[in-house]
Amino acid sequence: MPDDLGDRDRPVGGFVERPSLDRYATAFSEHFAIHRDAGVIEIRMHTAGGSAVLSRALLNAWGRVLTEAGADPDNEVVIITGTDGHWMAGVDHRSFAQPLSQWSSDMLYEQYADGVRLLEGLVLHIDVPTIGVLNGPGPRQELALMCDITLCADDVVIADGNFAAGSVPGDGMYLALEELIGTKRAAHLAYTGGGIDSATALRWGLVNEVLPREQLMGRARRIAETVMAAPRASRRLTHAVVSRPWRRRISEDLRGLYARQLLASSGH
């Protein structure tokens, strides 16, 4: 279909070149292993080839790579996952060694912009079906939970640790929990720092399927094949229908919530 679009647009001229997989896969290779097969693009985050560690650089890269992938018309289904046994293997504290109270307003703004663009990139810039493969423990699980379909390893615990760490639940995880399991359950998790095991996550509707870790990617690819069997317009417009709640949530709530989190943490 992209060739058909090129045939339509080429005689008119003046179109800006669309993103190339080779270009952005190389540009973001420090943070992501990116592969595409028959229209299904897999974005696997990593750090030095192993499980990804959350850093300011990775946070910045997520929003940018999702925007690039979303603008590439050759991508028809997006699969997002982590590396080895972790979704993310913790936080790179060197990235956040300086207390936020010592950050300038410009530094705070860049953190704010990167934080909101992580989920805006997924929800507002990806126009094709998405599959999140929560392959293990780690922070920022909302990225997988906000995908159209979420697969989960059988030993994953889902939690929002912001309040327990003295912060405000404003970076997107609480927003995802509130949308999926309701206000009372989300509030209880936020205040107590409790977690949801994979069986409960499945029962409460946080995830679609729970599988042993080694079966996750095979299952994700089979689902992607089923999706790809439908016409291109049907796939994309179905995603538009499925993602409506997230678009509303992101547009109405995310920036305000994340600003509150930074305000509480910054001391400004």
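Note that the coordinates shown come from a computational prediction; the quantities given were computed from them, not determined experimentally.

K.L.:
I would appreciate a short explanation of the pairing of strand β3 (residues 77-81) in the present structure.
P.N.:
It is a general feature of regular strands that their side chains alternate between the two faces of the sheet. Of all 5 residues in β3, 5 are buried; the element is thus mostly enclosed. The alternating pattern of β3 places Val77, Ile79 and Thr81 on one face and Val78 and Ile80 on the opposite face, and all of these are buried. In this view, the connection linking strand β2 (residues 40-45) to its parallel neighbour β3 by way of helix α3 (residues 56-71) has right-handed handedness. Looking at chain direction, β3 and strand β4 (residues 130-134) are connected through 4 bridges and run parallel. Note that in β4 the partner of Val78 across the bridge is Thr130.

K.L.:
Honestly, the pattern of salt bridges in this entry has me stumped. Any pointers?
P.N.:
Side chains carrying opposite charge are able to pair once their charged atoms draw close together. Overall, the coordinates contain 17 salt bridges when judged by the stated rule. Among the ionic pairs, Arg140 bridges to Glu142, the shortest N-O distance being 2.6 Å. Each member of the pair, Arg140 together with Glu142, is buried.

K.L.:
Help me out: how do you make sense of the packing of aromatic side chains in this one?
P.N.:
The geometry of an aromatic ring pair is captured by the separation of the ring centres together with the interplanar angle, meaning the angle of the planes. For the structure on display, the rule yields 4 aromatic pairs. Here Phe32 and Trp62 contribute two aromatic rings whose centre-to-centre distance is 4.6 Å and whose plane-to-plane angle is 65 degrees, an arrangement assigned as edge-to-face. Taken as a pair, Phe32 in strand β1 (residues 32-37) and Trp62 in helix α3 lie far apart in primary sequence, 30 residues in all. Judged by relative accessible area, Phe32 falls into the buried class, the value being 2%. A ring pair is formed by Phe163 and Tyr191, whose centres lie 5.1 Å apart and whose planes are at 85 degrees; its orientation type is edge-to-face. Here the residue Phe163 occupies a position in the loop between β6 (157-159) and α6 (173-181), and Tyr191 occupies one in helix α7 (residues 183-192), the gap between them amounting to 28 residues. By relative accessible area, which is 41% here, Phe163 ends up partly exposed. One aromatic cluster is present, built from ring pairs that chain together Tyr109, Tyr112 and Tyr258. Between the NZ or CZ atom of Arg185 and the centre of the ring of Trp204, over which it lies, the distance is 4.0 Å.

K.L.:
It is not clear to me how the environment of Gly182 should be interpreted in this structure. Could you clarify?
P.N.:
Along the polypeptide, Gly182 turns up in the loop between α6 and α7. On the accessibility criterion, Gly182 (22% relative accessible area) is partly exposed. Sequence separation of Gly182 and Ser101 is 81 residues, and the distance between their C-alpha atoms is 33 Å.

K.L.:
Explanation requested: the layout of surface pockets in the structure shown.
P.N.:
Sizing a probe to match a water molecule and rolling it over the atoms shows the empty space that remains. Taken as a whole, the largest pocket encloses approximately 680 Å³ of empty space. Around the largest pocket sit 24 residues that line it, and Leu54, Val91, Asn162, Asp171 and Gln261 are the ones nearest its centre. With 4 residues, helix α11 (residues 244-266) is the single largest residue contributor to the lining of the largest pocket. Of the residues that constitute the lining of the largest pocket, the class distribution is 12 nonpolar, 8 polar and 4 charged.

K.L.:
Looking at this structure, I do not really get the packing of α6 against α7. What am I missing?
P.N.:
How two helices sit against one another is set out by the angle between their axes and by the gap between those axes. As a packed pair, α6 and α7 sit with axes 7 Å apart at the nearest point and diverge in direction by 145 degrees. With respect to the hand of their crossing, α6 and α7 are arranged in right-handed fashion. Contacts between α6 and α7 involve Tyr174, Leu177, Glu178 and Ile181 from the first element and Thr183, Arg185, Ala186, Ala187, Leu189 and Ala190 from the second. Looking at the contact of α6 with α7, its residues break down into 7 nonpolar, 1 polar and 2 charged.

K.L.:
Quick question: what am I supposed to make of helix α10 (residues 232-242) here?
P.N.:
An α-helical turn contains 3.6 residues, so any two residues separated by three or four positions project in the same direction. Every buried residue of α10 is accounted for by Arg232, Arg235 and His239. Down the axis of α10, the buried side of the element spans an arc of 70 degrees, and every buried residue falls inside it. Opposite its buried face, α10 presents the exposed residues Leu237 and Val241, each directed more than 90 degrees away.

Conventions used here
- Residues numbered from 1 in each chain as written.
- Predicted model: local features only at pLDDT ≥ 70, side-chain atom pairs only at ≥ 80, totals over all residues.
- Heavy atoms only, no water.
- Buried < 20%, exposed > 50% of the residue type's maximum accessible area, 1.4 Å probe, protein only.
- Helix = DSSP H or I, 4+ residues; strand = E, 2+ residues; numbered from the N terminus.
- Right-handed = clockwise from strand over helix to strand, strands pointing away.
- Pairing = 2+ DSSP bridges.
- Salt bridge = Lys/Arg side-chain N within 4 Å of Asp/Glu carboxyl O.
- Phe/Tyr/Trp six-rings, centres within 6.5 Å; stacked < 30°, edge-to-face > 60°.
- Lys NZ or Arg CZ within 6 Å of the ring centre and 35° of its normal.
- 1 Å grid on protein atoms, 1.4 Å probe; cavity = no way out; pocket = protein on both sides within 12 Å on 5 of 7 lines; lining within 4 Å.
- Points joined across faces, edges and corners; volume = space filled by probe spheres on them.
- Nonpolar A, V, L, I, M, F, W, Y, C, P; charged D, E, K, R; others polar.
- Axes fitted to C-alpha atoms, helices over the stretch in contact; angles between N-to-C directions.
- Left-handed = near helix turned anticlockwise from the far one by under 90°.
- Contact = heavy atoms within 4.5 Å.
- Arc of directions from axis to C-beta.

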